[in-house]
Structures are given as structure tokens and as C-alpha cells.
Amino acid sequence: MGIKDYYDKLAKNYDKLYKNKYMRIVEKEIIKKEIKDNDFVLDIGCGTGEQLKILNKAIGLDISIEMAKIANKKTNKPVVVANAEFIPFKNKSFDKVISFFGALNHCNIKKVFKEVKRVLKDDGVFIFTVANIYDIKWILKNIIKGNFKKIRKSLKKRKGTIIKVIDGEKIKVKTRFYDFKEIEELLKKEGFEILYTFGANITNSPLDMFIYKSSLKNFASYIGFVVKKKNKR
């Protein structure tokens, strides 16, 4: 199933499936620290608008029209339906760009980095997460189930499949996993300065607020980056 079709079908159940109130605790903490009220922000893969609703000046972008409809209704903010590899905005349009949870796992991430760099203003900041290949919760879960072949395959190929059952229909989509080193190298090649890194969905509890920058970030479900576009002087 294509990415668009998968998320169109998932949209109406999305908030119910991901309702853990601590799931986005780190994302909200990062937004609070890094984004000012007067910053103009692009939210890539905005989904149903969880980040949009806490941002002051922002536009959402999502590949799914059904997700976009919900986000617009929930936040009363503009949402465009587009692919993150081809962002439909002019050069240097935004102060900040964010992309949380799993949106970038389905993209050609090199193309996304180039596009984000293009639409960011000089010294603009890009904040994002991607799925972690060393997600300890996922690894332990599959060890308990005896899925050793699945673990080896995922670690080797860095690819997997997300599967959900919606209204009795099994839907699935391909996804990609990364580690800190791989993303850091790609960012540096593209001319971003890495300000700091973090982990999200480490324990899915209030504890994450205190450990998201610790060494435990290496085993989080999602690894995060706060990076700056270097201003060519």
C-alpha cells in the first residue's frame, strides 16, 4: 500500500491509536524551548495537528488529504497536501521547520533535507525525529516473541513494515530506520550544523522529560535532531 493510501485510511483512527499522553512529551518540550511565538513554522507530516495546535504561526504539510482535513479542523491553521520531497513554498520562507514522529521514515530523506534547507531562512532551525534502528522496546518485544530472524533482517536492511487493522482491514506501509551516525553524516553533507540530539518515546512516561538528552537516547523509539542552516557569508 502506498504512503498516501495508508495514512488516508488511518486518519480517522489516528488519535485513538496514539493517545498515550506521554508519547509526545519530549516533542512538546523541544517546541517550548526552541520555537518562539513570532517564528513562522512549517510542520512536515503534521498528521492530525498535534504540533500545529500548540504553535502560534504555522502551516502544516501532509501527504494525506484525510490527515490534512482533520488537522485543519482541529487547529484552524492552513494545511497543504504535498510530498516533503517537493515542498511547495519559496526559498527562505520559514524561521523553523519541524517534523516529529514518523513522517520522514517514508521519504527519500536526502531530498527532504535539501528541500528543508531551501525553504529555511538563513540560520533557520530544523527539528525532527526519525525511527531508531536500535529501538530497545521494539527489540525486546521481538526477543520475547522469539522473532530473532525479524530482528536480524531489520538491523541488516534497516527497513520494516508498519501494520494496523482498521475497521477489519489490514493496512500496511513500508518504513525505514536510522541511527545517529547515519543522519549526522547526511546533515553535515547538506550543510546543517547540529546543535544537539535527543531521544523520544524512550519510556513513554514522565521520566522521558528528564532523560531525553541522556545516553538512553541511543535506545529510544525515535532519535531527534535540532540543527541549524548555516548562513553563507
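Residues numbered from 1 in each chain as written. Predicted model: local features only at pLDDT ≥ 70, side-chain atom pairs only at ≥ 80, totals over all residues. Heavy atoms only, no water.

Mind showing me how you'd approach the sheet that holds strand β4 (residues 94-99) here?
Note on sheets: strands pair through backbone hydrogen bonds, and any given pair is parallel or antiparallel. An order of β3-β2-β1-β4-β5-β9-β8 is seen for the 7 strands of this open sheet, with the pairing classed as mixed. Two strands bound the open sheet, and with one partner strand each, they are β3 (79-81) and β8 (192-200). For this sheet, the mean inter-axis angle between neighbouring strands, taken without regard to orientation, is 15°. With 3 bridges connecting them, strand β2 (residues 57-62) and β3 associate as parallel partners. The residue bridging Gly60 from the neighbouring strand is Val79, located in β3. With respect to the sheet, helix α3 (residues 65-75) is in contact with β2 and β3, its orientation differing from that of β3 by roughly 175°. (Pairing = 2+ DSSP bridges. Helix = DSSP H or I, 4+ residues; strand = E, 2+ residues; numbered from the N terminus. Axes fitted to C-alpha atoms, helices over the stretch in contact; angles between N-to-C directions. Contact = heavy atoms within 4.5 Å.)

Please explain the nonpolar core as it appears in this structure.
Across soluble globular proteins, nonpolar side chains have a tendency to be buried as a group. Grouped together as the largest cluster of nonpolar side chains are 40 residues, with contacts concentrated most on Ile30, Ile98, Ile127 and Phe198. Among the elements that make up this core, the one with the highest residue count is helix α1 (residues 3-17) (5 residues). Setting aside anything within four residues of it in sequence, one finds Ile30 in contact with Ile35, Phe100, Ile127, Tyr196, Phe198, Tyr212 and Val226. With 29 residues, the next largest nonpolar core counts Val116, Leu120, Phe126 and Phe225 among its residues. (Core = buried A, V, L, I, M, F, W, Y, C linked by side-chain atoms within 4.5 Å. Buried < 20%, exposed > 50% of the residue type's maximum accessible area, 1.4 Å probe, protein only.)

Sorry if this is basic, but what is going on with α3 here?
Because an α-helix completes one turn every 3.6 residues, residues spaced three or four positions apart along the sequence face the same direction. Buried within α3 we find Met67, Ala68, Ala71 and Thr75. Projected down its long axis, α3 carries its buried residues within an arc of 100°, all on one side. Lining the buried residues of α3 we find α1, β2 and β3. One side-chain oxygen of the residue at the start of α3 lies 3.3 Å from the amide nitrogen of Glu66, identifying that residue as Ser64. Immediately beyond the C-terminal end of α3, within one or two residues, lies Asn76, with a positive phi of roughly 60°. (Arc of directions from axis to C-beta. Polar contact = N/O pair within 3.5 Å; in protein donor to acceptor, adjacent residues only side chain to side chain.)

Before we go on, may I ask you to explain helix α7 (residues 180-189) in this structure?
Three or more residues of α7 are buried, namely Phe180, Ile183, Leu186 and Leu187. Across the axial projection of α7, the buried residues extend over an arc of 135°, all falling on one side. Pointing more than 90 degrees away from the buried face of α7 are the exposed residues Lys181, Lys188 and Lys189. In this structure, the buried residues of α7 make contact with α4 (109-119), β5 (120-131), β8 and β9 (222-229). Two or three places before Lys181, at the opening of α7, Asp179 has a side-chain oxygen 3.2 Å from that residue's backbone nitrogen. Looking at the residues trailing α7, positive phi occurs at Gly191, about 90°.

I'm lost on the pairing of strand β1 (residues 40-44) in this one. Help?
Note on strand geometry: in a regular strand, side chains alternate between the two faces of the sheet. Burial within β1 is extensive, with 4 of its 5 residues counted as buried. Examined bridge by bridge, β1 and β2 share 5 bridges and lie parallel to one another. The residue bridging Asp43 from the neighbouring strand is Gly60, located in β2. Pairing analysis gives 3 bridges linking β1 to β4, with the strands arranged parallel. By the bridge assignment, Val41 is partnered in β4 with Lys96.

What is the right way to look at the side chain of Lys96 in this model?
For Lys96, the position within the fold is in strand β4. The exposure class assigned to Lys96 is buried, which follows from its relative accessible area of 9%. In this structure the side chain of Lys96 is engaged in a polar contact, spanning 2.6 Å, whose partner is the side chain of Asp39. Discounting residues that sit within four places of it in the chain, Lys96 has contacts with Glu34, Ile35, Lys36, Asp39, Phe40, Val41, Leu42, Leu120 and Val125.

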